[in-house]
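Okay, here's what each chain looks like letter by letter:
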Amino acid sequence: MIEIKEATKVYSNGTVGLNKINTTINQGDFVVIVGRSGAGKSTLLRAINRLHDITDGEIVINGKSLTKANGKQLREMRRDIGMIFQNFNLIKRNTVLKNVLSGRVAYHSTMRTLLGLWPKADVDLAHDALNRVGIPDKAYVRADELSGGQQQRVSIARALAQEAKIILADEPVASLDPLTTRQVMDDLRRINQELGITMIVNLHFIDIAREYATRIIGLRDGELVFDGPVEDATDEMFTQIYEREIKKDELLGV
Amino acid sequence: MSLHKQQNKKWRKWIYIAIIAAIYIWAFSQMPAFEIQAMAGEISRSILNGLFNPDWDFVYDPGGEDLLRGLLDTLAIAFLGTIVSAVLCIPFAFWAARNLHRYKFIPESGTFILSVIRTFPEIVMAILFIKAVGPGAFAGVLALGIHSIGMLGKLYSEAIETIDDGPIEALTASGANRLQILWFAVVPQVIPAFLSYTLYRFEINLRSATILGIIGAGGIGTPLIFAITSRDWDRVGIILLGIIVMVMVLDFLSGLLRKRIV
Amino acid sequence: MNENTIKKPSKVKSTLTTLLLFLLIWGSAYKTDSTFEELFTGIPEIISLLREMIPPDWAYFSYITPEVLITIQMALLGATFGAILAIPLSLLASSNIFVSPWIYQTARFILNFLRTIPDLLLAAIFVAIFGLGLIPGVLALTIFSLGIIAKLMYEFIETIDPGPLEAMTAVGANKIQWIAFGVIPQIAAQFAAYFLYTFEINIRAAAILGLVGAGGIGLYLDETLNFLEYQKTTSIILYTLVVIMVIDYITKKIREKLL
């Protein structure tokens, strides 16, 4: 359970990124955060693993305060939160397996990871994760030899190998073509349903958001303007979140 | 453009020309008249003669000092010096990389130290090391090893500055600590550039190593300076040929390797 | 599917590379008598030398000023003569100026050849020909600068915009006019920048040429070390470092203005 209480982010230049966000996300939810670019989607997502610090308020994950966690506690909390990025953020020159294993560094001592002494269980876990996203045969291929969709699956496998309980996905399909978009979103849904991992996804495409989410959070200018089950997110609601009619490029349309 | 501005520009041009002329008058003022010594022509001829009739016997001499041994020593000095600096410069490179620090003064101080090291000529460094550890190849290795930190550290830090931040973010998000982030997100991205720069520096060090012997820091430079001072031009010829061939061959090999790395 | 069905790539190549590298390091260390033992016995010597070098002999600074100025003059003249000679050579080495491989490959070979001979060696040979003094120093720096500027220049010339060249061909210019109006305007600023850069490198080189008797501050470096006047050595080193840094700073500013 993620409790976000009065979360506020004010940048050093005075811009308000998030304004008193209050919400609770339950284990197993598939939440999609929508809003125009600059509405604070990415800031909110990155506040949940503290890649961005909030300036006021508190975020509590499974009873532990993320906001108050110090270095080591913070790293342990992050270990349970996987993250998927728009640009995959893989080490392009390393093999797929190495990339997936890099998700497990926080489980072991620094020395052990630096020497590359992964336990066999970890390697098995990594192969299983690759299996789950459908690319088991790519384990020893260099990451930059894969297509965009395959690279995004590697990053999903990385989050799986991390044995994360929550996965944050920041525009995971923004760099992909429509067909691969569906495959990646299907992967995320399957993981959510089969493993019960909480999914929090920022999305640009409204139709995809409606199709995959169980719950929608709408942001506008850093404020939470909608928070409810996907059934309640009507066209009028989206028009409000976006302050205008929905444009064509905000629909994937496939 | 107004007339006034145009005239201003003309004036400026003349001032620049005057300054440059003054600098050159000053630069020539200390130069002695260029008078060719009576011997110069003859010596040049014998040098050319030596280059075209090198002392082939010097190439391999099982008993004593010969060209191949000298070149091998030179190669060893350059290689080891490069390895030493490639290792020693790493902490400096991370220190001087602007994208890894929150406060500006940290990378700036690192950059400054690297530029001081770079400015310190390797020959001067070699002389000092000879005073400390005695003449020989070891002094040459130390001199190259320390001097090269300046350039390699700078190039390495620039390589670090151009990396993609994405993997750093990904590793941070998965709970990695600072060292793990460096090792898993930064190091794999910079290794090809590091290798390529190291090879490039090796090419430079090989040239430097050929002259270290002139001041007694080992390698082919020692027999070369002896041959020059004793006017044994046949021997100078064969040593020069040896150096040129070795440098060109290794440049070629290193170039091939560098192409493969990228 | 489990990992047993996926073939792990062989590690033979990387193991062999590592082995070869260690072999080379070990061989080089053996050849050069570089051992940790040598290093550890050397460290106290290095420290005691550094102690003797501190503080610098402040009075010596004014004494060596004339020689420092001469070093700068040598560097400047060497860079200038080298730059002048580099103009024709770099044009000859550019494949977009002289299309015939016979011309540009020959020019490049000469350039590569020049750059293989280290500056100190050139100086030693010129000292043998012309005797002790500034002349061999300036000549050595001329050849040295020629190698650097001409290489940088031809690499730059090959990247220039072919448009103006075509325009000059179209108006029926001869080769000299073609170069003067199509090429020179495009490369002048860069040429000046490379000249300044080479001047910077020359200062460093000129500071040591005195070691072989080719003039400049290097002579004093040798002298003070031989007389064990280490504090004076420190003065020379510091003075040289300051001069190099000041000149680097000035030329950097000018280069920024040029480009």
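Residues numbered from 1 in each chain as written. Chains lettered and ligands numbered in written order. Predicted model: local features only at pLDDT ≥ 70, side-chain atom pairs only at ≥ 80, totals over all residues. Heavy atoms only, no water.

Worth spelling out the cut-off: UniProt positions are given in the numbering used here, feature names are shortened, and annotations may be inferred rather than shown by experiment.
As recorded by an unreviewed UniProt entry, chain C carries the name Phosphonate ABC transporter, permease protein PhnE and is attributed to Polycladospora coralii. According to the UniProt record, the Subcellular location (unreviewed entry) comment for chain C is "Cell membrane". On record in UniProt, under Sequence similarities (unreviewed entry), the comment for chain C is "Belongs to the binding-protein-dependent transport system permease family."

Looking at an unreviewed UniProt entry, chain B carries the name Phosphonate ABC transporter, permease protein PhnE, with the source organism given as Polycladospora coralii. For chain B, the Sequence similarities (unreviewed entry) comment in UniProt is given as "Belongs to the binding-protein-dependent transport system permease family."

## As for the overall build of chain B
Rules: Each helix corresponds to a stretch of at least 4 residues labelled H or I by DSSP, and each strand to a stretch of at least 2 residues labelled E; elements are numbered beginning at the N terminus. The globule rule used here is 2.2 Å times the number of residues to the 0.38 power, and the radius of gyration it is set against is calculated over C-alpha atoms. Exposed residues in this analysis have more than 50% of their type's maximum accessible area, buried residues have under 20%, and partly exposed residues fall in between, with area computed by a 1.4 Å probe over protein chains only. In what follows, a contact means two residues having at least one pair of non-hydrogen atoms within 4.5 Å. In these tables, accessible area is a Shrake-Rupley quantity obtained with a 1.4 Å probe, and a residue counts as shielded only by the protein chains included in the view. For the purpose of counting charges, residues Lys and Arg are taken to be positive, whereas Asp and Glu are taken to be negative. His and the chain ends are not included. Where a charge lies is defined by one atom per residue type: Lys uses NZ, Arg uses CZ, Asp uses CG and Glu uses CD.
Helix and strand counts for chain B stand at 10 helices and zero strands. The N-to-C order of helical and strand elements in chain B reads α-α-α-α-α-α-α-α-α-α. For 262 residues, the compact-globule estimate of 2.2 N^0.38 gives 18 Å, and chain B exceeds it by more than 25% at 25 Å. Seen through its principal axes, chain B has C-alpha atoms that stretch 75 × 70 × 40 Å. Expressed as a percentage of its 262 residues, the buried residues of chain B come to 50%. When contacts within chain B are restricted to residue pairs at least 6 apart in sequence, those whose partners lie at least 24 apart make up 73%. Accessible area of chain B: about 13,300 Å², with a carbon and sulfur share of 67%. Of the charged side chains in chain B, 21 are positive and 19 negative; the average position of the first set lies 15 Å away from that of the second.

## Topic: the sheet that holds strand β4 (residues 56-61) of chain A
Residues and elements named next belong to chain A. Cut-off, in case you're wondering: Two strands qualify as a pair provided DSSP detects at least 2 bridges between them. The axes are straight lines fitted to the C-alpha atoms, using for helices just the contacting stretch, and the angles between their N-to-C directions are given from 0 to 180°.
Across the sheet, which stays open at both edges, the four strands sit in the order β2-β1-β4-β5 with antiparallel pairing between neighbours. Across the chains shown, the open sheet's two edge strands, defined by having one partner strand only, are β2 (16-25) and β5 (64-65). In the sheet, strand β1 (residues 2-10) pairs with β2 via six bridges, with the strands oriented antiparallel. Paired with lysine 9 across the two strands is leucine 18, which belongs to β2. Where helix α1 (residues 41-48) meets the sheet, its contacts fall on β1, β2 and β4, and the angle it forms with β1 comes to roughly 125 degrees.

## Points about the UniProt feature "transmembrane region" (unreviewed entry) in chain C
Those residues carrying the UniProt feature "transmembrane region" (unreviewed entry) are residues 70-99, 120-149, 176-196, 203-221 and 233-251 of chain C in this numbering. Split by type, residues 203-221 of chain C is 58% helix and 0% strand. Its first and last C-alpha atoms lie 15 Å apart.

## Quick notes on the interface of chain C and chain B
Our working definition: Once two parts are put together, the accessible area they lose, assessed with a 1.4 Å probe and summed over both, is termed the buried area. Any carboxyl oxygen of Asp or Glu within 4 Å of a side-chain nitrogen of Lys or Arg constitutes a salt bridge here. N or O atoms within 3.5 Å of each other form a polar contact, as long as, within protein, one can give a hydrogen and the other can take it, and as long as residues adjacent in sequence are counted only when both atoms are side-chain atoms. Gly is placed with the polar residues, together with every amino acid not listed as nonpolar (Ala, Val, Leu, Ile, Met, Phe, Trp, Tyr, Cys and Pro) or charged (Asp, Glu, Lys and Arg).
Chain C puts 59 residues into the contact, and the matching count from chain B is 58 residues. A combined buried area of about 5,000 Å² lies between chain C and chain B, and 80% of that area is made up of carbon and sulfur atoms. When the area that chain C buries against chain B is broken down by residue, the three leading residues are Lys31, Gln73 and Thr116 of chain C, summing to 12%. The interface formed by chain C and chain B includes one salt bridge. Close ionic contact of aspartate 73 of chain B with lysine 31 of chain C constitutes a salt bridge, the shortest N to O distance being 3.4 Å. Where chain C packs against chain B, one counts seven residue pairs in polar contact (both at pLDDT 80 or more). For the side of chain C that touches chain B, the class distribution of residues is 41 nonpolar, 10 polar and eight charged.

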